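Here is what each chain is made of, one letter per residue.
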Amino acid sequence: MKRLAYIDWMRGLACVLMFQTHCYDSWMSPEAKKSSSLTGWSKLGGTLPAPLFIFLAGVSFALVTEKLCEKGIKRKTIAKQTILRGAEVFGMGLVFRVQEFALGYPWSPWTDLLRVDVLNILGLSMMLMGVLCWATGDGSVAAARIRCILAGLFAAVIVAMVTPPLWTTHRPKFLPWPIESYINGVHIFDQPQPWLFPLFPWSAFAFAGLAVGFFLFSDFAERKEALAFAALGGAGILACALSVFLDSLSIHFYAVYDYWHSNPDFFLLRCGILLVILFLVYAWCRWGFAQRGFSPMIQLGKTSLLVYWVHIEFVYGRFSILPKGQCSALKATAGLITIFLAMLMLSLLRTNWKKWRVRASQ
């Protein structure tokens with residue numbers, strides 16, 4: 001099996017789940033949303049793309065760091081390179097917000113320019129992971145890998161544990177709202193908004209992915225790859241069961257208990273689901289039909305940032321291919337299929353363009 005096939009397939013899965021959530025949310029009329037059970041399933045699937053993207057960013061970050069270490073590049077140089085890449089992604093997030101504001105003018109409020117989106121938090125998380133890997137990357141590659149695994153898990157736990165008070169009883173209200181929004185997603189509202197992407201808790205998914213990534217590139221996983229993935233899948237099932245058990249207890253640690261948004265138990269559940277998906281996708285790529293012929297999922301996963309950026313304008317933006325809030329479930333589904341095929345074509349053009357440029361340069 002190609003080493004990165006399961007990562008690309010998971011990214012492709014996140015893209016498809018993102019497409020369906022955005023399409024149904026943007027195009028279906030209020031009456032259609034109330035009368036169709038499709039809405040509930042669509043929203044359920046929509047809870048996965050953001051955790052998948054951020055988690056996989058951590059896994060990919062570990063891969064890049066491992067490859068650079070194997071080449072003998074100094075950890076200071078690796079840190080500089082990875083942190084700059086995170087800054088680049090953060091800058092893309094800012095440019096994306098400017099684009100959305102410009103295309104939505106004069107209806108878009110100026111505060112949308114400062115909204116915390118997934119690209120912003122992806123970039124900041126990558127920068128934080130770069131600092132963490134620099135701090136723990138001294139010594140041999142094997143020893144540094146173990147320290148990075150432990151540090152990633154520790155950082156994920158800390159972020160998840162401090163999220164509830166930062167959302168409720170210990171909010172940093174003394175900060176200007178654009179800065180506080182990066183901590184708890186308050187934006188311009190009185191309370192943190194669960195549909196935004198602040199560092200707490202979203203960066204925890206990146207740190208968890210970082211730990212998983214270094215584990216997958218450990219000597220044990222190299223020797224017994226299938227067993228390593230099965231162990232992660234089993235750990236995911238245990239994490240889900242533990243989350244449900246902790247939620248059932250009558251004693252709660254925090255003054256304000258909000259399981260479905262800020263509680264560490266919910267983060268544990270979602271991490272468990274991510275690990276189970278990781279194992280299932282690995283199995284599908286290794287023993288299933290994922291790599292037998294052309295795979296739309298893998299193709300979309302290779303250009304996930306591009307299709308994320310472009311599809312927003314044709315679903316939510318000025319160039320929406322269907323009238324927003326006026327469509328039946330059937331018409332919105334037809335639009336979803338159109339968006340999927342269009343983004344797949346765009347992805348193919350992008351990857352083939354890279355090949356053409358290489359051939360032309362040669």
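Quick notes on the rules
Residues numbered from 1 in each chain as written. Predicted model: local features only at pLDDT ≥ 70, side-chain atom pairs only at ≥ 80, totals over all residues. Heavy atoms only, no water. Helix = DSSP H or I, 4+ residues; strand = E, 2+ residues; numbered from the N terminus. Buried < 20%, exposed > 50% of the residue type's maximum accessible area, 1.4 Å probe, protein only. Contact = heavy atoms within 4.5 Å. Areas by Shrake-Rupley, 256 points an atom, 1.4 Å probe, with all protein chains shown as cover. Lys, Arg positive; Asp, Glu negative; His and termini not counted. Charge placed at Lys NZ, Arg CZ, Asp CG, Glu CD. Salt bridge = Lys/Arg side-chain N within 4 Å of Asp/Glu carboxyl O. Core = buried A, V, L, I, M, F, W, Y, C linked by side-chain atoms within 4.5 Å. Expected span 1.5 Å × (residues − 1). Axes fitted to C-alpha atoms, helices over the stretch in contact; angles between N-to-C directions. Left-handed = near helix turned anticlockwise from the far one by under 90°. Nonpolar A, V, L, I, M, F, W, Y, C, P; charged D, E, K, R; others polar. Phe/Tyr/Trp six-rings, centres within 6.5 Å; stacked < 30°, edge-to-face > 60°. pLDDT = per-residue confidence, 0-100.

S.K.: Honestly, the overall build of the chain in this entry has me stumped. Any pointers?
M.R.: When its secondary structure is counted, the chain shows 15 helices and zero strands. The principal-axis extent of the C-alpha atoms belonging to the chain is close to 60 × 60 × 35 Å. Looking at the chain as a whole, 51% of its 362 residues qualify as buried. Put simply, 75% of the contacts in the chain that link residues at least 6 apart link residues at least 24 apart. In the form shown here, the chain has an accessible surface area of approximately 18100 Å², with 69% of it arising from carbon and sulfur atoms. Mean positive and mean negative side-chain charge positions of the chain (33 and 19 charges, respectively) differ by 9 Å.

S.K.: I would appreciate a short explanation of the pattern of salt bridges in the present structure.
M.R.: A side chain with one charge can pair with a side chain of the opposite charge if their charged atoms come near. In the structure shown here, the tally under the stated rule is seven salt bridges. The partner of R97 in a salt bridge is D117, and the shortest N-O contact between them spans 2.7 Å. Of this pair, R97 sits in helix α5 (residues 75-104) while D117 sits in the loop between α5 and α6 (118-136), and the two are 20 residues apart along the sequence. No difference in accessibility class separates R97 from D117, as the two residues are buried. Note that R286 is salt-bridged to E225, the shortest N-O span being 3.8 Å. Taken together, the residues span a long stretch of sequence, with R286 in helix α12 (residues 264-287) and E225 in helix α11 (residues 225-248) at a distance of 61 residues.

S.K.: How do you make sense of the nonpolar core when you look at a structure like this?
M.R.: A general feature of soluble globular proteins is that nonpolar side chains tend to end up buried together. Judged by nonpolar contacts, the single largest core of 87 residues is most densely connected at Y6 and F19. If one sorts the elements of this core by residue count, helix α1 (residues 5-27) sits on top with 14 residues.

S.K.: Help me understand α1, please; the structure alone is not making it clear to me.
M.R.: Counting along an α-helix, one turn takes 3.6 residues, and residues three or four places apart therefore face a common direction. Over its 23 residues, α1 runs 33 Å from end to end, which matches the ideal 33 Å to within 8%, given 1.5 Å per residue. Burial analysis of α1 places 21 of its 23 residues in the buried class, which makes it a mostly covered element.

S.K.: Would you mind showing me how to read the packing of helix α14 (residues 304-315) against helix α15 (residues 329-361) here?
M.R.: Running from N to C, α14 and α15 point in directions that differ by 145°, and their axes come no closer than 10 Å. Relative to α15, α14 is oriented so that their crossing is right-handed. Between α14 and α15, the residues in contact are L306, V307, V310, H311, F314 and V315 and I339, M343, L346, S347 and R350, respectively. Its residues placed into classes, the contact of α14 with α15 shows eight nonpolar, two polar and one charged.

S.K.: How should I be thinking about unusual backbone geometry in this particular structure?
M.R.: Leaving glycine aside, a negative phi is the common case for residues, and trans is the common case for peptide bonds. Of note, the amide linkage connecting Y105 to P106 takes the cis form, showing an omega dihedral of 10°. Checked against the element boundaries, P106 lands in the loop between α5 and α6. Along the chain, F200 connects to P201 via a cis peptide bond; the corresponding omega equals 15°. With respect to the helices and strands, P201 occurs in helix α9 (residues 199-216). A positive phi angle is found at H187, which is not glycine, with a value near 55°. Along the polypeptide, H187 turns up in the loop between α8 (177-184) and α9. Taking relative accessible area as the criterion, H187 reaches 3% and is therefore assigned buried.

S.K.: Would you explain the packing of aromatic side chains in this entry?
M.R.: Counted under the stated rule, the structure contains 19 aromatic pairs. With centroids separated by 5.0 Å and ring planes inclined at 90°, the aromatic side chains of F253 and Y254 adopt a geometry described as edge-to-face. The exposure class assigned to F253 is exposed, which follows from its relative accessible area of 70%. An aromatic cluster of three or more residues is present, and its members are Y6, F229, Y282 and W287.

S.K.: Explain the confidence of the model for the chain to me, please; I cannot follow it from the model alone.
M.R.: With 99% of its residues at a pLDDT of at least 70, the chain reaches an overall mean of 93. Per-element averaging of pLDDT across the chain places helix α3 (residues 38-45) at the bottom with 89 and α9 at the top with 97.

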